[in-house]
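Reading the structure
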Amino acid sequence: MKPVMIAIALSALLLGACSSETQAPSKTALAASEKVDTGGSAKGDFGPPQGEPIHAILTSPPEVPPATGRTAPAKVIVELEVRELEMEISEGSTYTFWTFGGTVPGSFIRVRQGDTVEFHLKNHPDSKMPHNIDLHGVTGPGGGASSSFTAPGHESQFTFKALNHGLFVYHCATAPVGMHIANGMYGMILVEPPEGLPPVDHEYYVMQGDFYTVGKYREKGLQAFDMQKAIDENPTYVLFNGSEGALINEKALKARTGEHVRLFMGNGGPNLVSSFHVIGEIFDKVWYEGGTHYQENVQTTLIPSGGAMMADFHVEVPGSYVLVDHSIFRAFNKGALAILKVDGEEDKAIYSGKEVDSVYLGDKAVSLEPVTEARDAAVSGTLTLEQQIAAGKAHYTGTCSVCHQDNGEGLAGVFPPLAKSDFLSKDPEAAIHYVLNGLVGKITVNGKEYDSVMPPMSQLNNDEIANILTYVFNSWGNDDGRVSAEQVGKVRKETPRSEGAAH
Amino acid sequence: MNFFDSSVKRAASRRGHRLAAGMIALALAFPVVAAEYIAIPGGAYQSVLPTADTPLDVIIKPMSMRAEPVTNAEFLAFVRSHPQWRRDKVAGVFAESRYLDHWMGDQSISDAQARQPIVKVSWFAAQAYCESEDARLPSWHEWEYVAAADETHRDARNDPAWRNRILGWYSKTSNGDPEWVGGAPNAYGVRDLHGLVWEWVDDFNALFVSADNRNQGDPDLLKFCGAGALSMQDRDNYAVLMRIAMLSSLKGADVTGNVGFRCVRPDQETTP
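On a predicted model such as this, the values are computed, not experimentally measured, just so you know.

**Points about the pattern of salt bridges**
- All chains considered together, the criterion is met by 26 salt bridges over all chains.
- Asp325 of chain A serves as the salt-bridge partner of Arg330 of chain A, at 2.7 Å between the closest nitrogen and oxygen.
- The buried category is assigned to Arg330 of chain A, whose relative accessible area is 18%.
- Put simply, Glu199 of chain B and Arg262 of chain B hold a salt bridge, and the shortest N to O gap is 2.8 Å. Placement of Glu199 of chain B in strand E5 (residues 198-199) and of Arg262 of chain B in the loop between strand E6 (259-260) and strand E7 (264-266) is noted, with a sequence separation of 63 residues between them. Considered together, Glu199 of chain B and Arg262 of chain B belong to a single accessibility category, that of buried residues.
- Salt bridges sharing common partners tie together Arg110, Glu192, Glu203, Arg262 and Asp312 of chain A.

Spelled out as structure tokens, the structure:
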């Protein structure tokens, strides 16, 4: 017996000391295309923790803690507090979220493979409910849930070794589990590979979740959880970071042209799978499912409920990039929208003008009959207001409604309304400028502030712009008005602009 | 909210009457009249808890249940007459450090607290209080049986409105300042079973088989994802199940800002 024991002890020591050997397989994270086996959890134990215990830095979304920068396994103490808080789910609507750390998603935890994590789960004394935590990065039954069932005003502690590297979801697993998750009880823990992740300029933390309220989408006041909708998997809201306003306007994610951006993107569910896409951007690398290997040059990536992914991309062109769940009604009708705002110099060689996305044009089957009719009438000098409106409507549907919506109401906080817009009626002439030259920066429309980018639409000809604006001024309860091609032509001559932008 | 206003007036007039009678010597004292108990007829019903030794049809013997949860004022009177339950004197094994720590002093509460339900009270203290009223804590089944009622039906559990009212309370954050007792009486005449506080039950720690978290082969029903759903007879009962989950997370000496209690008395005629 004894020699065997000593041999085991020795090998354990060797494993702890000889880090270069044990950690070599993980270099494949950097050369993923080779798809070399990392050895998984069987090769993830680098021996006992070394040095003084470290208190983990936890961050609120969308921030991410700095890289651990460690080269040896450490003991890391994580203290996470559960709070039940009434917070805004949409403007004027609140919801009682159950949170890890006071935010949805919960605090971001960052450790290194081989670290020993001493986990403290605290349940605030004001909580009504008991809670626990199941971390998908834990090896062991329940993922910590069985060891962390915590009454209000109490604290639980358990310890685990992070054997597998990757990006992992954590969530509450107290019954009814679906309700605890639907109330926002999820977050992520990153277990870095031993050599760390390639450096980037910005790391951001975003999680999608689906929410089920008794009241309708955007109904005002405190909204209660609706179990039946949750069972039917029919969410009222699909959101990034727990609120419709979480990542827009001044809270948008930010980067500058020429920078590398990394998204740690998870999906808390409880029900939906995300078809995650950034409009106008292509992921250079996607560590799909949050695992070791990456795929390159990806447009849209699936993120399972209770799953995650990491994506790196380089930004070249300034503008607002819209993060969506490309199950697209969720984006435009349930709130799954966020903005990445990229500042910097234009590079016309790469992209001629500012753009949101053109994919949606395919969805709009536009009848061009009224357009032809209006063109013929204009040539013969008999163009009527009705013909202009009909032609303008066809163009509007094909071009403008992507952002401003078919009903002219835009999207609150993202795309300003044209319907009964005080901004437009203040100076109808200026509308021609906006269409031709675009509009960038803060504006206030009907008492709401908008800070996004409208690309120049100068590729439209004078007739088309005149017809679109005439349609807008005669629709949705706007005061009537009529714009002629000559007016547009005059403005076009007065302002220099790049041709060929947009659509 | 009419019932609420009238209960305020009722409390105020009671106090006025007793002040006039010169019965109060202390500057800060609250009128405590004998608690009202409501006769509950026995019966059979289906519990949400299908444990191995609990048949689906649970028989409840006739009993009397306190019409309202115990209030701070009532509990204050209790600790005055039973000083071993004062927060400065209680033994640590019977009540943790936060026991009654929302009170102004060891023997004083604020005016606003008088008609609030007592919270931050341990199971041991609740049990001792009930004994002082010649009563005991209800069993889970007794509590569940009476709490199945709404204002007009003794078993309203199939009514979505009944469930939504419970869930409505769950969806309100707690600020440690509960509303006053005196909600609308249910079909039995019992008030505030839902929407005010969690309530201790006599057998709170027997609601589940294993309390040993390390016993992975036989995990606690509520501590794992799938098992929680399995333990529900009817998925609509999850609102009640959450109450059980709450109680099962506690130990006898624990207190929280949302757990109070009421008492029951076995029926004298049927219990020799």
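**Focus: the nonpolar core**
- Judged by nonpolar contacts, the single largest core of 125 residues is most densely connected at Phe119 of chain A together with Phe75 and Phe261 of chain B.
- Apart from residues lying up to four places away in sequence, Phe75 of chain B is in contact with Val70, Tyr99, Leu100, Trp103, Ile118, Val121, Ala125, Tyr129 and Phe261 of chain B.

**Quick word on the packing of helix H2 (residues 72-81) of chain B against helix H3 (residues 123-132) of chain B**
Residue and element names in this part refer to chain B.
- Where H2 meets H3, the axes come as close as 11 Å, and the angle between the chain directions of the two elements is 80°. In terms of orientation, H2 lies roughly perpendicular with respect to H3. Counted together, Glu74, Phe75 and Phe78 of H2 and Ala125, Ala128, Tyr129 and Ser132 of H3 form the full contact between these two elements.
- Per-class residue counts for the contact of H2 with H3 are five nonpolar, one polar and one charged.

**Section: the sheet that holds strand E10 (residues 202-211) of chain A**
All names here are of chain A.
- In space, the six strands of this open sheet follow the order E12-E10-E14-E19-E16-E17, with mixed pairing throughout. Each edge of the open sheet carries a strand with a single partner, namely strand E12 (237-240) and strand E17 (295-298). Between one strand and the next, the sheet's axes are offset by a mean angle of 25°, whatever the strand orientation.

**A few points about the interface of chain A and chain B**
- Taken residue by residue, the interface counts 35 residues in chain A and 32 residues in chain B.
- In total, about 2,900 Å² of surface goes out of reach between chain A and chain B, with carbon and sulfur atoms giving 63% of it.
- Among the residues chain A hides against chain B, the three largest losses belong to Lys128, Ser146 and Phe149 of chain A. Together they make up 25% of the total.
- Applying the counting rule to chain A against chain B returns zero salt bridges.
- On inspection of chain A and its partner chain B, the count reaches eight residue pairs in polar contact (both at pLDDT 80 or more).

**What to know about the sheet that holds strand E4 (residues 63-66) of chain B**
Residues and elements named next belong to chain B.
- Across the sheet, which stays open at both edges, the three strands sit in the order E1-E4-E7 with antiparallel pairing between neighbours. Each edge of the sheet is formed by a strand with only one pairing partner; in this case those strands are strand E1 (37-40) and E7. In this sheet, neighbouring strand axes are inclined to one another by 25° on average, regardless of whether the strands run parallel or antiparallel.
- Strand direction decides the pairing type here: E1 and E4, joined by four bridges, are antiparallel.

The rules we used
Residues numbered from 1 in each chain as written. Chains lettered and ligands numbered in written order. Predicted model: local features only at pLDDT ≥ 70, side-chain atom pairs only at ≥ 80, totals over all residues. Heavy atoms only, no water. Salt bridge = Lys/Arg side-chain N within 4 Å of Asp/Glu carboxyl O. Buried < 20%, exposed > 50% of the residue type's maximum accessible area, 1.4 Å probe, protein only. Helix = DSSP H or I, 4+ residues; strand = E, 2+ residues; numbered from the N terminus. Core = buried A, V, L, I, M, F, W, Y, C linked by side-chain atoms within 4.5 Å. Contact = heavy atoms within 4.5 Å. Axes fitted to C-alpha atoms, helices over the stretch in contact; angles between N-to-C directions. Parallel < 35°, antiparallel > 145°, perpendicular 65-115°, else oblique. Nonpolar A, V, L, I, M, F, W, Y, C, P; charged D, E, K, R; others polar. Pairing = 2+ DSSP bridges. Buried area = accessible area lost by both parts, 1.4 Å probe. Polar contact = N/O pair within 3.5 Å; in protein donor to acceptor, adjacent residues only side chain to side chain.

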